[in-house]
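Listed here are the chains, written in short residue letters.
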Amino acid sequence: MIRPQPRDSVALMEGYHSPQIDVDVRLNTNESPELPPSGFVEEVSAAISKIEWHRYPQRSATELRTEIGKLHGVGHEQVFAANGSNEVLQTLLLTYGGPGRSAAIFEPTYALHSHLSRITGTDVIEGERTADFFLDMDEVERVITGSRPAITFLCSPNNPTGVVDTEDQIRRVLELVSDVGGILCVDEAYGQFADFSAIDLIGPDVPLVVSRTYSKTWAMAAARLGYLVAPGWIIAELEKVVLPYHLDAMTQVAGTLALRHLSAMNERVDRLVEERGRLMAELANLSVDVWPSASNFVLFRPREHEGVDVWQGLVDRSILIRNCASWPRLEGCLRVTIGTPDEDDRFLAALMEVLA
Ligand SMILES: *Cc1c(COP(=O)(O)O)cnc(C)c1O
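Computed from a predicted model, the values in this text were never measured in an experiment. (Residues numbered from 1 in each chain as written. Predicted model: local features only at pLDDT ≥ 70, side-chain atom pairs only at ≥ 80, totals over all residues. Heavy atoms only, no water.)

Draft legend 1. Spatial organisation of the pattern of salt bridges. For the structure on display, the rule yields 19 salt bridges. Measuring nitrogen to oxygen at the nearest pair gives 3.6 Å for the salt bridge that ties Arg268 to Glu34. With Arg268 in helix H10 (residues 262–284) and Glu34 in the loop between strand S1 (25–27) and helix H2 (40–48), the pair connects residues that are 234 residues apart, well separated along the chain. Under the relative-accessibility criterion, Glu34 is labelled partly exposed at 27%. Residue Arg329 pairs with Glu126 through a salt bridge whose shortest N-O separation is 3.1 Å. One end of the pair, Arg329, is in the loop between strand S11 (319–323) and strand S12 (334–337); the other, Glu126, is in strand S4 (residues 123–128), with 203 residues separating them in the sequence. Here the residues in one salt-bridge network are Arg118, Glu126, Glu128 and Arg329, joined through shared partners. (Salt bridge = Lys/Arg side-chain N within 4 Å of Asp/Glu carboxyl O. Helix = DSSP H or I, 4+ residues; strand = E, 2+ residues; numbered from the N terminus. Buried < 20%, exposed > 50% of the residue type's maximum accessible area, 1.4 Å probe, protein only.)

Rendered as C-alpha cells:
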C-alpha cells in the first residue's frame, strides 16, 4: 500500500492544541471559572426531556437566532450560529476564502484565524502589530491595500495579549476593507469585557461580521456554541455552505435558555474584572513583566527564568496555564486565565515557588 497523504496545506500543519492535562487548577483555555447560574441546568434538562429524539433538529435554529438577535438589537436573519465560534469562522472562510483568496491577520493574535485560513486553502497575509501589541494603522493600510484580502481578521479584546482595538481603528479598517471588496471579521470572544462592540457598526451595506461565543463569559464551553452578527446577505451565503442540521437540538435549547440569565452573566464579568485587578497587582510584585489586559486572561513573561521552565514548574504543582513561550513574537511568554480567587491564589503561590 502507498499510504495516502493529506493535502500539502494539511500535512504541513501542526494542530492548535492546549494540552488537556489532568491537574487541580486549569487556567489555560480562558473558560469561565464559575458554573452557569443555578436553575440553568434544570431548565436545560427539562427542555431536553421534551426533544423529539427521532427527528432532525430545526435546521434554521430560528428560535435560538431570534433570541441572540434580541440581545444585539437585530433580527434572526442577521445571526448565524454554529458549533463554537471556530465553526462560525471556518464557515466564513469556506464561503468567502478558499484557493486564490487571502485572509489578513495582525500578529500576535488568535492562532485559529491563520490555522483555519490555511485549512480552508486560504492564503494567509501576516501583518505585524507594534511592539506593545497595538494595531499599527500604517501597517494595516499597507497590508489591506497591498494584498486586497477577501477577509481581514481583528480580535478585540485580542487573544493572547488582552489589547482592545479602538472604535476609530475599527472604523478605519472597515473603510480600507470596503475599498478592496473584502470583509472585516471582528472576533469578540471576549467582547463583554470591552466598552465598545463592533456590532454597533453593522449596517445593511457594511461588509462587517462580528463573532461571539458561549465558551467564555457564558460559562458554556462544554456545549460548543458560537455565532456571528452580520448583514442578512452575508448570513444567507453562510447558510448555503454549512452542513445541514449542523446545530443539534440540545445545543439550540441550551443556547436559548442561557440568554435568560443575562444579568448573572454580566455580574460574572464584573467579578472577573475585579479579580483580574487583584491578580495583576500581585503579579506586579513578582519578577515578571505583565501586559495590561482588557479580558479574562493576563499575558506575562518571567524576567529571570525561561518561560517554558516556569510553565513546567507550574504543571509539576498541578497548575496548568497556557505556554506561549515558543510562539513567534511572544518568546518566553505565558498566559493565565482569571480563575476563582482560590484558584488564583494557588497559581500565585506556585508561581512564587517556581520563581524563587
Ligand atoms: C476562545 C476563543 C474563541 C472560542 O472558540 P469556540 O469555538 O467558540 O469555543 C474564539 N475566538 C477567540 C479569540 C477565542 O479566544
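Draft legend 2. Region of the structure containing the side chain of Glu343. You can see Glu343 is positioned in helix H12 (residues 341–355). Here Glu343 occupies a buried position and makes no salt bridge, while the nearest side chain of opposite charge, Arg346, is found at 7.8 Å. Setting aside residues no more than four positions away along its own chain, Glu343 makes contact with Val25, Leu27 and Pro33. (Lys, Arg positive; Asp, Glu negative; His and termini not counted. Contact = heavy atoms within 4.5 Å.)

Draft legend 3. Inspection of the site of the ligand at higher detail. Within the structure, the ligand sits among 13 residues, and Ser85, Tyr190, Thr213, Ser215 and Lys216 are positioned closest to it. Interatomic distance of 2.6 Å between a backbone N/O atom of Ser85 and an oxygen atom of the ligand. For the ligand, whose accessible area on its own is 390 Å², the fraction buried by protein is 94%. Judged by its atoms lying within 2 Å of the grid points, the ligand is housed in the largest pocket. Looking at the shell around the ligand, the element that brings in the most residues is helix H4 (residues 84–96), giving 3 residues. In terms of residue class, the shell around the ligand is built from 4 nonpolar, 6 polar and 3 charged. (Near = heavy atom within 4 Å. Polar contact = N/O pair within 3.5 Å; in protein donor to acceptor, adjacent residues only side chain to side chain. Areas by Shrake-Rupley, 256 points an atom, 1.4 Å probe, with all protein chains shown as cover. 1 Å grid on protein atoms, 1.4 Å probe; cavity = no way out; pocket = protein on both sides within 12 Å on 5 of 7 lines; lining within 4 Å. Sits in = over half its atoms within 2 Å of the grid points. Nonpolar A, V, L, I, M, F, W, Y, C, P; charged D, E, K, R; others polar.)

Draft legend 4. Geometry of the pairing of strand S3 (residues 102–107). Most of S3 sits inside the fold, with 6 of its 6 residues counted as buried. Of the two faces of S3, the one lined by Ser102, Ala104 and Phe106 and the one lined by Ala103, Ile105 and Glu107 are each fully buried. Across 6 bridges, the pairing between S3 and S4 is parallel. Directly across from Ala104, in S4, lies its bridge partner Ile125. (Pairing = 2+ DSSP bridges.)

Draft legend 5. Representation of the packing of helix H6 (residues 137–147) against helix H7 (residues 167–179). The contact between H6 and H7 brings their axes to 10 Å, and the two run at 20 degrees. Taken together, H6 and H7 sit at an angle that is classed as roughly parallel. Crossing handedness for the pair H6 and H7: right-handed. On the side of H6, the interface is formed by Met137, Val140, Glu141, Ile144 and Thr145, while H7 contributes Gln169, Arg172, Val173, Leu176 and Val177. For the contact of H6 with H7, the residue count by class is 6 nonpolar, 2 polar and 2 charged. (Axes fitted to C-alpha atoms, helices over the stretch in contact; angles between N-to-C directions. Parallel < 35°, antiparallel > 145°, perpendicular 65-115°, else oblique. Left-handed = near helix turned anticlockwise from the far one by under 90°.)

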